[in-house]
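Fold and contact review
One letter stands for each residue in the lines below.
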Amino acid sequence: MAESDLTCALRFQLAFIFPSLFVFLGGLFTILAFRSIRCIYRFILKQIWRKKVKNKDIWWSHKGKQRSVYYLRIFSTQMQMMLSAQTSMGRVLMILVFLLNIGTLVIYFIDLTEAEQFHFSFPGRIIYVDKFFNAFFVFYFGLRFVAADDKLRFWLELNSLVDFFTIPPVFVSALLRKNCFGLRFLRALRLLDLPRILQILRITKDDYSIKLSKLFAVFISTWLTAAGFIHLVENNGDPWVQPVNSQPITYFRCMYLIMVTMSTVGYGDIVVQTALGRAFIFFFIIGGLVLFANFIPEVLEIVQSRKSYKSSYEVMSGKNYVVVCGNVTLKSVTTFLQDFLLQDKGNVCTEILFLGESLPSLELEAVFKCYSPHTSFFYGSALNSEDLKRVRMESANACLILADVCAPEPYTEDISNIMRVLSIKNHYPKTRVILQIIQSRNKVYLPNIPNWDWSTGDSIICFAELKLGFMAQSCLVPGLSTLLTSLFIGKENTETKRKHLKDKMLLGDKDYKVMALQLSNDFADMTFIEVCRLCFVKLNLILLGIELKFGSQGESAILINPSPQIKLHRNTMGFFIAHSLAEVKRAHFYCRVCHGDIQDPEQIEKCQCGSKRHSKTFSDKLKSYGELLVLDGEPATSRSLSVLPPQRFVDGALHAQEEEESHRVSLYLTGRFHQCDAVPLHEALLSCKNQAVLYLQDHILVCVFGDANSPLIGLQDFVMPLRATNFLYHELKDIILLGPLEYLQREWKFIQNFPKLWLFSGSALSCADLKAVNVQDCAACVILSSSTPISNNPSLVDTESILATLNVRSMEVKLSSSSVDAVFRARALGNQSEPRYKRIPITTELKFSPNAHFINQSPSSSSDIPEEDLLSPTAAPAGAIFSDSFLNSLLSMTYYNHHILALLQALVTSRTSPALEQLGEEDSRLSRSLGNVVQNPYQVRCKLALLPLSERWLSGILEDSFGDIYCKALDTFGILCFGLYRLMEEPNPYKNRFVIARPASDLKMLPTDLLFSIVPFNIATEDL
């Protein structure tokens, strides 16, 4: 083709550009005019409607118009769904349009090669193919126009502008039978849709591939478009210059010029001559430089980071490291790092290797960069042996497996993590594994894994077991969740104590935590009570319990405040409440000879007097163990709890049926829980017509939400701590489960063997159902969050729990002084000043802890009932809100000392030891191992209680301090006190209390104080 064909005349170019401008400007004017007319019409119609609102003709015409608008809206919505690729047809249409755009761009390049005389042989009528493609674009443009809500915004979109300046010239070319390139190069801008097409085709799935595709799409579309504009103006020249100042330049040379310009190289071998070209280059240098300068580093960073994530870890001598796998997400990683580094106390000797099964997002990558001295990320799976080799799993101190608590399928999440444990243990049997699981019933698979060893520190953190155990214990001991959170996690609300504790000096700046350390051998052959008293008086330590080892395989059991008959062995592990490890070491270094006369506990240090005794043989330990587990000299066979009579509702009355049902109550083989024969569902089901509900009093109400398909909460984890055998049978409270019947019957098969359980079909969102189960007279009300969130918005996942809490709280009523005093005496809350309201103790579970502000709102001036303070996510001062977010902190705590987790499980879930439970499942094996004279340790467990000050505990001479009460309770009853529940200062109409963990020994006691205590199982709390 001749050179004159490339340099079209000015009027010929205008013939191609004017139709595009006419369509664009004409459509823009039409849209603006239509909007103006519509505004005027609506204004006039509004005035007429006000004057003739009773005119039926106007009403029906307006109604008919609404109907037409309704159908138009439906059609528009369907078009929007299709064009946004939400349907299969929409995805096919979007891919087809993109391919046709690429086709038109290819036709543009073909025309260029023919015009530039490269002698490629293409059909001469290829323009008709282009015409067909553009006809389809017109149809697609019409669909987009109809589906657009804002027509003006649609008209000014980039894709619309591309259509305006590329479609009309094609039809003009067919009409004039003359081809001209015009602005057809703008089709290159449709390459910006490439990342979305790749996502639809599932080619790009992770953040890095998506980001990389976007970078390339922007770069290539900008490059081709800029080259097309330079090619147009340089080959046609400036329209106002005569003679024409054009220069023949190929499209490829224009691409070369743009690349040299963007890279700031600027060889100068090719330059622009037209004023339009130079003006374009002037502005393009600025934008192109920014684009090119950002493009190259980002691409290199993506490629290098992807390569580095596939590298192998190099072990450094003397440096510890742990591997974290499982649910490696932004939220889980952030929470874990905060807790782990807090536990590390600034010691950065431990490195954290994250093994993720997907590449980190940009936000997660930023977190890794912030913690780069402590963390490294590796792309791989714990199920792959090669990936385990890359992170040097054989040399790791431990492998921590994170679980997704919010997983829609908890069973699938648990099984996935158990398979990771199996993979790790098969390849590296000596590697310590700490695992998070959601449902407790999935724990049974782990002891069956080869090489799983509790004694080496392999641990299971079960969210459901601990969460429901905390909430169950809080029903019997208000404020316990706050106390244990403070002691085990170390997040105590010190500001609340400072606000309400009169003697600020007694508080100090100490935060007490539970710590474990081996006791001095000088404590051997002493009873636990004697050691407790010595540690408190002489060492200023509170000893909670001990770890007793037994068996040929090193099994151990956690004994909390064991029987006075039990004597300590050598090398016994003790659990203390202390401020620092230095304080605990006093009990490890204590020597009767060297430290007997020392009064200041800080002076107790390691001595070299050589008075330590030799260790006993294993046979001596086993023999001593048989002697220790006999309570008051009586063997286990003579102290069975199975003779305790059950109590049930019959004919609306609550009474004992000793002769008929005494044979139905027994214990599990391990002796852990009170058990009865399986109760049919219809016998346990209460209704409004049943007169038995009228006699409900001092019961525990549990409100659950769910349906026939929602995941199970695992109510057996809530019931079991309340049916433990460390409670006497008559101390067991009736438990009422309020919720949908189709859900409760799915849970019933797991809890039908526990006594004093009742079901009520209803909802906590109904006041009628709450009144039917006598919520006003309950001892405690627990509201469990739904297992299936009703919304993906974190602020709305707890909607049902929040509304149920407010519903229960609305049923709190004013009472007379005598009624209130009677209620509080019945709940053993001691002598208190007169409250104004009968309070329903509510414990609410929240999936998203910041939602606490919906429950604890600031009281208005007109409100009669004041609200509680805003509760923190981990430690609620009033103990009324529970969020399992703090359970994530247990992972770091368990890594540093797995004995602490065992103690917490013993306190909350009434379990003594995983190894002992395995033995206890076979009663005959346990008997052969320990002898028939040995009482089952499950039957000598102590229980947690909240006790008022008894007159028998007070000296009556001077004002008693906590130290005096501690020694008196320990010496007289064998009760171990370790915390206070003190009333807040007035005005306090609800009698709210705050927790003091490990009070100072000289803290003066108040008559209204309540004591967190560990009580021997055979002592009834109501007798104290």
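Residues numbered from 1 in each chain as written. Predicted model: local features only at pLDDT ≥ 70, side-chain atom pairs only at ≥ 80, totals over all residues. Heavy atoms only, no water.

So, the overall build of the protein chain
Scanning the protein chain from terminus to terminus reveals 35 helices and 25 strands. Looking at the protein chain as a whole, 53% of its 1024 residues are labelled buried. Once local pairs closer than 6 in sequence are excluded, the contacts in the protein chain between residues at least 24 apart make up 75%. By element, 58% of the accessible surface of the protein chain is carried by carbon and sulfur atoms, the whole surface being about 47600 Å². (Helix = DSSP H or I, 4+ residues; strand = E, 2+ residues; numbered from the N terminus. Buried < 20%, exposed > 50% of the residue type's maximum accessible area, 1.4 Å probe, protein only. Contact = heavy atoms within 4.5 Å. Areas by Shrake-Rupley, 256 points an atom, 1.4 Å probe, with all protein chains shown as cover.)

Details of the packing of aromatic side chains
Under the definition given, this model contains 34 aromatic pairs. Here Phe24 and Phe164 contribute two aromatic rings whose centre-to-centre distance is 5.5 Å and whose plane-to-plane angle is 55°, an arrangement assigned as tilted. Here Phe24, found in helix H2 (residues 10-51), pairs with Phe164, found in helix H7 (residues 158-176); they are 140 residues apart in sequence, far enough to count as distant. Residue class for Phe164 comes out buried when judged on its relative accessible area of 4%. (Phe/Tyr/Trp six-rings, centres within 6.5 Å; stacked < 30°, edge-to-face > 60°.)

Considerations on the packing of helix H31 (residues 889-896) against helix H32 (residues 898-909)
Between H31 and H32, whose axes approach to 5 Å, the crossing angle comes to 125°. With respect to H32, the axis of H31 lies oblique. Across from Leu890, Met893, Thr894 and Tyr896 in H31, the residues of H32 making contact are His898, Ile900, Leu901 and Leu904. For the contact of H31 with H32, a count of residues per class yields six nonpolar, two polar and no charged. (Axes fitted to C-alpha atoms, helices over the stretch in contact; angles between N-to-C directions. Parallel < 35°, antiparallel > 145°, perpendicular 65-115°, else oblique. Nonpolar A, V, L, I, M, F, W, Y, C, P; charged D, E, K, R; others polar.)

Regarding the pairing of strand E6 (residues 459-462)
Of the two faces of E6, the one holding Ser459 and Ile461 and the one holding Ile460 and Cys462 are both buried throughout. Note that strand E5 (residues 433-437) and E6 share four bridges and pair parallel. Bridged to Gln436 within E6 is Ile461. (Pairing = 2+ DSSP bridges.)

Here's the deal with the confidence of the model for the protein chain
Taken over all residues, the pLDDT of the protein chain has a mean of 76, while the share at 70 or more is 74%. Mean pLDDT across the elements of the protein chain bottoms out in strand E11 (residues 647-650) (32) and peaks in strand E4 (residues 398-402) (95). This model gives residues 118-122 a pLDDT under 50, and the stretch forms seven contacts once residues within four places in sequence are excluded. Per-residue pLDDT stays below 50 along residues 815-836; that stretch engages in 37 contacts with residues further than four places along the chain or on separate chains. (pLDDT = per-residue confidence, 0-100.)

Focus: the sheet that holds strand E15 (residues 685-686)
Pairing in this open sheet of seven strands is parallel, and the strands run E15-E18-E17-E16-E19-E20-E21 from one edge to the other. The outermost strands of the open sheet, each flanked by one partner alone, are E15 and strand E21 (881-883). Both strand E17 (residues 735-739) and strand E18 (residues 757-761) contribute to a ladder of five bridges, which runs parallel. In the sheet register, Ile736 faces E18, and the bridge partner there is Trp758.

Side note on the sheet that holds strand E3 (residues 375-379)
The six strands are arranged E3-E2-E1-E4-E5-E6 in an open sheet whose pairing can be described as parallel. For this open sheet the edge positions go to E3 and E6, each flanked by a neighbour on one side alone. The average undirected angle you get between the axes of adjacent strands in this sheet is 20°. The strands touched by helix H15 (residues 410-427) within the sheet are strand E1 (320-326), E4 and E5, with E5 carrying the most contacts at an inclination of about 170°. Across the sheet, helix H16 (residues 463-476) lies against E5 and E6, angled at about 55° from E6, the strand it touches most.

Describing the state of the cysteines
Tallying each qualifying case throughout the model produces zero disulfides. Left without a disulfide partner, Cys475 is nearest to the cysteine sulfur of Cys781, which lies 8.6 Å away. (Disulfide = S-S within 2.5 Å.)

What to know about the side chain of Asn521
On the secondary structure map, Asn521 appears in the loop between strand E7 (513-518) and helix H19 (528-539). Residues contacting Asn521, with those up to four places away along its chain left out, are Arg570 and Asn571.

Quick word on the nonpolar core
Phe336, Phe354, Phe488, Phe523, Phe718, Tyr966 and Phe978 are the most contacted members of the largest nonpolar core, which has 150 residues in total. Examining the composition of this core, we find that eight residues originate from one element, H19, more than from any other. With residues near it in sequence (within four places) discarded, Phe488 still touches Lys513, Val514, Met893, Ile900, Leu903, Leu904 and Leu907. Within the second largest apolar cluster, 46 residues are counted, among which are Tyr108, Phe141, Phe165 and Leu191. (Core = buried A, V, L, I, M, F, W, Y, C linked by side-chain atoms within 4.5 Å.)

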